[in-house]
Amino acid sequence: MSKELEMTLITGRTMKQGVGLVLGKESEEYKKEVSMVELCPEDMEELQLEAGDSVCLLTEHGSATFVARAVDMPRGLVFIPFGPPANTLIGCQTGASGMPDSKGASIKVKRI
(Lines give C-alpha, C1' and ligand atoms only; values in the text may rest on other atoms or scores of the structure.)
Protein backbone atom coordinates (compact mmCIF):
# COMPACT_ATOMS: atom_id res chain seq x y z
CA MET A 1 0.00 0.00 0.00
CA SER A 2 1.31 3.45 -0.88
CA LYS A 3 2.28 5.79 1.89
CA GLU A 4 0.38 9.07 2.24
CA LEU A 5 1.67 12.26 3.86
CA GLU A 6 -0.29 15.22 5.20
CA MET A 7 1.56 18.33 4.03
CA THR A 8 1.09 22.07 3.36
CA LEU A 9 0.26 23.39 -0.11
CA ILE A 10 1.98 26.42 -1.64
CA THR A 11 1.11 27.62 -5.15
CA GLY A 12 2.81 30.16 -7.37
CA ARG A 13 4.36 30.77 -10.76
CA THR A 14 7.52 29.24 -12.26
CA MET A 15 9.82 30.57 -14.95
CA LYS A 16 9.06 27.60 -17.20
CA GLN A 17 5.37 28.28 -16.73
CA GLY A 18 5.93 31.87 -17.92
CA VAL A 19 7.64 30.61 -21.06
CA GLY A 20 4.75 28.21 -21.59
CA LEU A 21 2.27 31.08 -21.24
CA VAL A 22 4.01 32.95 -24.05
CA LEU A 23 3.52 29.87 -26.24
CA GLY A 24 -0.08 29.53 -25.05
CA LYS A 25 -1.97 27.58 -22.43
CA GLU A 26 -2.54 24.78 -24.93
CA SER A 27 1.21 24.36 -25.50
CA GLU A 28 2.90 21.18 -24.28
CA GLU A 29 5.44 23.29 -22.34
CA TYR A 30 2.70 24.99 -20.31
CA LYS A 31 0.70 21.79 -19.72
CA LYS A 32 3.83 19.93 -18.60
CA GLU A 33 4.89 22.65 -16.16
CA VAL A 34 1.48 23.07 -14.48
CA SER A 35 1.37 19.28 -13.98
CA MET A 36 4.54 19.23 -11.84
CA VAL A 37 4.68 19.05 -8.06
CA GLU A 38 7.83 20.02 -6.17
CA LEU A 39 8.82 18.26 -2.95
CA CYS A 40 11.99 18.15 -0.90
CA PRO A 41 14.18 15.06 -1.39
CA GLU A 42 13.50 13.79 2.14
CA ASP A 43 9.71 13.85 1.64
CA MET A 44 10.13 12.15 -1.72
CA GLU A 45 12.19 9.43 -0.06
CA GLU A 46 9.58 8.94 2.67
CA LEU A 47 6.90 8.60 -0.02
CA GLN A 48 9.19 6.23 -1.96
CA LEU A 49 9.12 8.59 -4.95
CA GLU A 50 11.63 9.07 -7.74
CA ALA A 51 11.70 12.16 -9.95
CA GLY A 52 9.11 11.64 -12.67
CA ASP A 53 6.79 9.44 -10.59
CA SER A 54 3.08 10.27 -10.54
CA VAL A 55 1.45 11.41 -7.32
CA CYS A 56 -2.12 12.13 -6.33
CA LEU A 57 -2.71 15.35 -4.40
CA LEU A 58 -5.93 15.62 -2.37
CA THR A 59 -7.53 18.54 -0.53
CA GLU A 60 -11.02 19.06 0.81
CA HIS A 61 -11.87 20.59 -2.59
CA GLY A 62 -10.71 17.82 -4.92
CA SER A 63 -7.81 15.80 -6.25
CA ALA A 64 -5.41 15.90 -9.19
CA THR A 65 -2.46 13.91 -10.51
CA PHE A 66 0.98 15.51 -10.81
CA VAL A 67 4.52 14.47 -11.74
CA ALA A 68 7.04 14.74 -8.87
CA ARG A 69 10.36 16.54 -8.93
CA ALA A 70 12.80 17.15 -6.10
CA VAL A 71 13.82 20.69 -5.17
CA ASP A 72 15.60 22.38 -2.29
CA MET A 73 12.72 23.37 0.00
CA PRO A 74 11.62 22.73 3.59
CA ARG A 75 10.13 19.39 4.57
CA GLY A 76 6.37 19.22 4.69
CA LEU A 77 5.74 21.72 1.87
CA VAL A 78 4.26 20.96 -1.54
CA PHE A 79 4.67 23.49 -4.36
CA ILE A 80 2.52 23.42 -7.49
CA PRO A 81 2.25 26.07 -10.22
CA PHE A 82 -1.03 27.92 -10.74
CA GLY A 83 -3.03 26.29 -13.53
CA PRO A 84 -5.99 24.03 -14.21
CA PRO A 85 -4.77 21.12 -12.02
CA ALA A 86 -4.12 23.51 -9.10
CA ASN A 87 -7.59 25.00 -9.48
CA THR A 88 -9.15 21.65 -8.59
CA LEU A 89 -7.29 21.70 -5.27
CA ILE A 90 -7.71 25.25 -3.97
CA GLY A 91 -11.48 25.67 -4.18
CA CYS A 92 -13.35 28.86 -4.97
CA GLN A 93 -14.05 30.45 -1.59
CA THR A 94 -12.43 33.89 -1.43
CA GLY A 95 -13.36 35.12 2.04
CA ALA A 96 -14.50 38.39 0.37
CA SER A 97 -10.96 39.03 -0.91
CA GLY A 98 -11.67 38.14 -4.54
CA MET A 99 -8.83 35.57 -4.53
CA PRO A 100 -9.10 31.94 -3.41
CA ASP A 101 -6.77 30.86 -0.62
CA SER A 102 -3.92 29.21 -2.51
CA LYS A 103 -1.28 29.08 0.19
CA GLY A 104 -1.07 27.13 3.41
CA ALA A 105 -3.88 24.65 2.79
CA SER A 106 -3.65 21.14 4.15
CA ILE A 107 -2.98 18.59 1.40
CA LYS A 108 -2.48 14.84 1.23
CA VAL A 109 0.23 13.48 -1.05
CA LYS A 110 0.11 9.87 -2.20
CA ARG A 111 2.28 7.96 -4.66
CA ILE A 112 0.33 6.21 -7.44
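Preceding block: the structure.
**A short note on the overall build of the protein**
Item 1. Of regular secondary structure, the protein possesses four helices and six strands.
Item 2. For the protein, the sequential pattern of α-helices and β-strands runs β-α-α-β-α-β-β-β-α-β.
Item 3. Looking at the protein as a whole, 38% of its 112 residues are labelled buried.
Item 4. For the protein, the proportion of contacts with a sequence separation of at least 24, taken over those separated by at least 6, is 73%.
Item 5. As displayed, the protein has an accessible area near 6500 Å², and 54% of this comes from carbon and sulfur atoms.

**A word on the pattern of salt bridges**
Item 1. Taken as a whole, this structure holds seven salt bridges when the rule is applied.
Item 2. Between Glu33 and Arg69 there is a salt bridge, with the nearest N and O atoms lying 2.6 Å from each other. On the criterion of sequence distance, the pair formed by Glu33 in helix 2 (residues 28-33) and Arg69 in strand 4 (residues 63-70) is long-range, its members being 36 residues apart. For the pair shown, Glu33 and Arg69 are each scored as buried.
Item 3. Of the charged contacts, one joins Arg69 and Glu38 as a salt bridge, the two residues approaching to 3.0 Å between their closest N and O atoms.

**Some points on the pairing of strand 4**
Side-chain positions along a regular strand alternate between the two faces of the sheet.
Item 1. Pairing between strand 2 (residues 36-39) and strand 4: four bridges, direction parallel. If you follow Leu39 over to strand 4, its bridge partner there is Ala70.
Item 2. Direction of pairing for strand 3 (residues 54-58) relative to strand 4: antiparallel, over a ladder of five bridges. Paired with Leu57 across the bridge in strand 4 is Ala64.
Item 3. Where strand 3 hands over to strand 4, the hairpin turn is made up of four residues, counted between the paired strands.

**Re the nonpolar core**
Item 1. Counting 20 residues, the largest nonpolar core has Val37, Leu39, Val55, Leu57, Phe66, Val78 and Ile80 as its most contacted members.
Item 2. Mapped onto this core, the elements with two or more residues apiece are strand 1 (4-12), strand 2, strand 3, strand 4, strand 5 (77-81), helix 4 (84-90) and strand 6 (103-111).
Item 3. Setting aside its immediate chain neighbours within four residues, Val78 contacts Met7, Thr8, Leu9, Ile10, Val37, Glu38, Leu39, Leu57, Met73, Ile107 and Val109.

**Looking at unusual backbone geometry**
Item 1. For Gln48, which is not glycine, the phi torsion reads 60° and is therefore positive.
Item 2. Positionally, Gln48 belongs in the loop between helix 3 (41-46) and strand 3.
Item 3. A relative accessible area of 56% places Gln48 in the exposed class.

**Let's talk about the environment of Pro74**
Item 1. Summarising the element assignment, Pro74 is placed in the loop between strand 4 and strand 5.
Item 2. Separated by 33 residues in the primary sequence, Pro74 and Pro41 have C-alpha atoms spaced 9.5 Å apart.

Reading the values: rules and limits
Residues numbered from 1 in each chain as written. Predicted model: local features only at pLDDT ≥ 70, side-chain atom pairs only at ≥ 80, totals over all residues. Heavy atoms only, no water. Helix = DSSP H or I, 4+ residues; strand = E, 2+ residues; numbered from the N terminus. Buried < 20%, exposed > 50% of the residue type's maximum accessible area, 1.4 Å probe, protein only. Contact = heavy atoms within 4.5 Å. Areas by Shrake-Rupley, 256 points an atom, 1.4 Å probe, with all protein chains shown as cover. Salt bridge = Lys/Arg side-chain N within 4 Å of Asp/Glu carboxyl O. Pairing = 2+ DSSP bridges. Core = buried A, V, L, I, M, F, W, Y, C linked by side-chain atoms within 4.5 Å.

Nothing here speaks to function; it is all geometry.
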